[in-house]
Amino acid sequence: MLRIQNLKKAFGGQDVLKEVSFEIGDRERVALVGANGAGKSSLGKLVARFYEFQGGQLLIDGRDIRTFDLHEYHCHLGVVPQVPFLFSGTVADNIRYARMEASNEEIAMVAQRIGGGDWLEALPDGLQTSVGEEGKAHSMGQRQLVALARVLLQNPSIIILDEATASVDPLTETQIQEGLDILLKDRTAIIIAHRLSTIRHADRIIVLSHSRTLEEGSRDVLMPQGGHYAQ
């Protein structure tokens, strides 16, 4: 159980988050939606402890996340950002970074599970394809597929997706969506998204507006209300 109560975050003397409260059950997938600047990504970064909050509570199984050992906590947390980072080496090396002791067979197995492995055919040397500085020689979609395979190898308990399909073409998005089906199964997930295709993975939708929780419910509940989400 992940519980957020009256969470507040300030930046540059201005509140980025205020009066944000909700709970996420074990293995529940919750989508955070809202206009740019609503606080979605900031909330994801607070859950990941990339920076600290100034007020309220953020609890996992009743414990303040600030009491956890940071390294151990991050071992149970998988993050797929909008712009994934790849380092020099091979595609296999980049996937293995999530669990350095993983065998070549394990890496090949998780890579095949993402998008049915079709994306590997576009790589000249498959998993042994060289990745240049920051992966700039590869498309954003290819980099995102590598990031999904990396998180799948990590096998975390909690997943944070931050606009994971925002900058990819429709074909690659289909492969990523297939990968998300596998990645999110039986895991607690926070899905930050604008695209409805990504939101479809969610059990519940939370609408943020002006740094506050505005609406909450499933798509079937929110659409008939004609509120902020429906608009």
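Residues numbered from 1 in each chain as written. Predicted model: local features only at pLDDT ≥ 70, side-chain atom pairs only at ≥ 80, totals over all residues. Heavy atoms only, no water.

S.K.: Tell me about the overall build of the protein, and please be specific about residues and values.
M.R.: For the protein, the helix and strand inventory stands at eight helices and 12 strands. Since a compact globule built from 231 residues should have a radius of gyration of about 17 Å, the 18 Å found for the protein is in line with a globular shape. When each of the 231 residues of the protein is scored for burial, the buried share is 51%. Nonlocal contacts in the protein, meaning residues at least 24 apart in sequence, comprise 67% of its contacts between residues at least 6 apart. In the form shown here, the protein has an accessible surface area of approximately 11,200 Å², with 49% of it arising from carbon and sulfur atoms. Each charge sign in the protein was given a centre, from 24 positive and 30 negative side chains, and these centres are 5 Å apart. (Helix = DSSP H or I, 4+ residues; strand = E, 2+ residues; numbered from the N terminus. Rg over C-alpha atoms; globule rule 2.2 N^0.38 Å. Buried < 20%, exposed > 50% of the residue type's maximum accessible area, 1.4 Å probe, protein only. Contact = heavy atoms within 4.5 Å. Areas by Shrake-Rupley, 256 points an atom, 1.4 Å probe, with all protein chains shown as cover. Lys, Arg positive; Asp, Glu negative; His and termini not counted. Charge placed at Lys NZ, Arg CZ, Asp CG, Glu CD.)

S.K.: Talk me through the environment of Glu 133; I want residue IDs and the actual numbers.
M.R.: Secondary-structure assignment places Glu 133 in the loop between strand S8 (130-131) and helix H5 (140-154). Here Glu 133 falls in the exposed class, since its relative accessible area comes to 60%. Note: C-alpha distance between Glu 133 and Ser 103 (30 residues apart in sequence) is 24 Å.

S.K.: Please give an account of the sheet that holds strand S9 (residues 158-162) that cites residues and values.
M.R.: Pairing is mixed in the open sheet, where six strands are placed in the order S6-S9-S10-S3-S11-S12. Each edge of the open sheet carries a strand with a single partner, namely strand S6 (77-80) and strand S12 (212-217). Shown here is a sheet whose adjacent strand axes are inclined to one another by a mean of 20°, direction ignored. Bridge count for S9 against strand S10 (residues 188-192) is five bridges, and the pairing is parallel. Pairing of Ile 160 across the sheet is with Ile 190, part of S10. (Pairing = 2+ DSSP bridges. Axes fitted to C-alpha atoms, helices over the stretch in contact; angles between N-to-C directions.)

S.K.: Hey, could you go over helix H4 (residues 104-113) for me, with residue numbers and the actual values?
M.R.: Those residues of H4 lying buried are Ile 107, Val 110 and Ala 111. End-on view of H4: buried residues confined to an arc of 100°, all on one side of the axis. Along H4, the residues that are exposed and aim more than 90 degrees away from the buried face are Glu 105 and Met 109. Close packing links the buried residues of H4 with helix H3 (91-96) and H5. (Arc of directions from axis to C-beta.)

S.K.: Any chance you could break down H5 for me, citing the residues and the numbers?
M.R.: Look at H5: 21 Å from first C-alpha to last across 15 residues, which is about the 21 Å you get at 1.5 Å a residue. Among the 15 residues that make up H5, 14 are buried, leaving the element largely enclosed by the rest of the structure. One or two steps after H5, the chain reaches Asn 155, where phi turns positive at roughly 60°. (Expected span 1.5 Å × (residues − 1).)

S.K.: How would you sum up the nonpolar core? Please name residues and give values.
M.R.: Within the largest apolar cluster, 41 residues are counted, with the highest numbers of intra-cluster contacts made by Ile 95 and Trp 119. Only strand S3 (29-33), H3, H4, H5, S9, helix H6 (170-183), S10 and strand S11 (204-209) provide two or more residues apiece to this core. Not counting chain neighbours up to four residues away, the residues in contact with Ile 95 comprise Ile 107, Val 110, Ala 111, Leu 127, Val 146, Ala 149, Arg 150 and Leu 153. Among the nonpolar cores identified, the runner-up in size contains 27 residues, and Leu 46, Ile 60, Ile 190 and Ile 192 belong to it. (Core = buried A, V, L, I, M, F, W, Y, C linked by side-chain atoms within 4.5 Å.)

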